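Secondary and tertiary structure notes
Next come the chains, spelled out residue by residue.
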Amino acid sequence: MEHYVLSEHGQQCLQGLMRIWFDFERQLGRVDIIARLQRGQFTVHDYQKLLLNLRQQVVEGARWITRTASSFDRDYADVRAVVIGHAQEEHRDYEVLEQDYLATGGQLDDILSAPRNAGSEALHAFLMYRGSQPNPVDMIGAMWIIEGLGHKMASDWAKQIEQCVALEGEYTRFMRYHGENDDAHLEKLYQLIDRVCQNESQVQAILRTAKVVARLYALQLEEVDG
């Protein structure tokens, strides 16, 4: 990332987001399916379950991002433009995920008909609710957590999955794409921090939403083995 001189509130927000991210990493390390991946005990069936459970969150991603964008008024037109661009970039990601699932031997009907697990339901409901509030600057915290996953973990997860399941062909394109591109997405969010962190109340709202999203995302992964 390029170096930016952040305001006092911007620095406070960024430091808080980093603390929440480190706690999130620890939460993920305690999730059974991620722990199996890190121990090298991950199977093709595990990977299929992971993709199947992630798909619903990915499908709904463009919806809550678009809802968030539509909730900003003209005073936040620049923020709205960045969020709309983000939704446009990601609105068909689920198709790549589906192709990865098929490449592992999974059936299309299975992944298309799979319901959201309890964590996915809670995550989607929270994101749609918060994204529907007027000028939802706190959603920067949500995007920070979710984009951070792609930036910091997706490439490593893809490599570990390939080492564990050793299938032929390409079957980790979804994770590899996010590992390669979410750095740019996170950069845009980083540049928005000063724009939306103008007072203590906004800083705390962003951090609270980031913390809730981190917990609900971890719950979503906990439910993969449910």
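See above for the structure.
Below is a summary of the structure that appears in this document.

Cut-off values and rules
Residues numbered from 1 in each chain as written. Predicted model: local features only at pLDDT ≥ 70, side-chain atom pairs only at ≥ 80, totals over all residues. Heavy atoms only, no water. Helix = DSSP H or I, 4+ residues; strand = E, 2+ residues; numbered from the N terminus. Rg over C-alpha atoms; globule rule 2.2 N^0.38 Å. Buried < 20%, exposed > 50% of the residue type's maximum accessible area, 1.4 Å probe, protein only. Contact = heavy atoms within 4.5 Å. Areas by Shrake-Rupley, 256 points an atom, 1.4 Å probe, with all protein chains shown as cover. Lys, Arg positive; Asp, Glu negative; His and termini not counted. Charge placed at Lys NZ, Arg CZ, Asp CG, Glu CD. Patch = residues over 30% accessible without salt bridge, like charges linked within 9 Å, V, L, I, M, F, W, Y side chains within 5 Å. Salt bridge = Lys/Arg side-chain N within 4 Å of Asp/Glu carboxyl O.

1. Things to note about the overall build of the chain
- Across its full length, the chain holds ten helices and zero strands.
- The helix and strand sequence of the chain, counted from the amino end, reads α-α-α-α-α-α-α-α-α-α.
- Taken over the C-alpha trace, the chain has a radius of gyration of 17 Å; the compact-globule value for 226 residues is 17 Å, and the two agree within 12%.
- In terms of overall dimensions, the chain has a C-alpha envelope of 50 × 30 × 30 Å along the principal axes.
- Counting all 226 residues of the chain, 50% fall into the buried class.
- Residue pairs at least 24 apart in sequence account for 82% of intrachain contacts in the chain once pairs closer than 6 positions are excluded.
- Accessible surface, the chain: about 10700 Å² in total, of which carbon and sulfur atoms supply 48%.
- Distance from the positive charge centre (23 side chains) to the negative charge centre (34 side chains) of the chain: 4 Å.

2. Focus on a nonpolar patch on the surface
- There is a patch of nonpolar side chains on the surface, built from Leu102, Leu108 and Leu112 and spanning about 230 Å² of accessible area.
- Assignment of secondary structure puts Leu102 in helix H5 (residues 93–103).
- Overall, Leu102 belongs to the partly exposed group, its relative accessible area being 38%.

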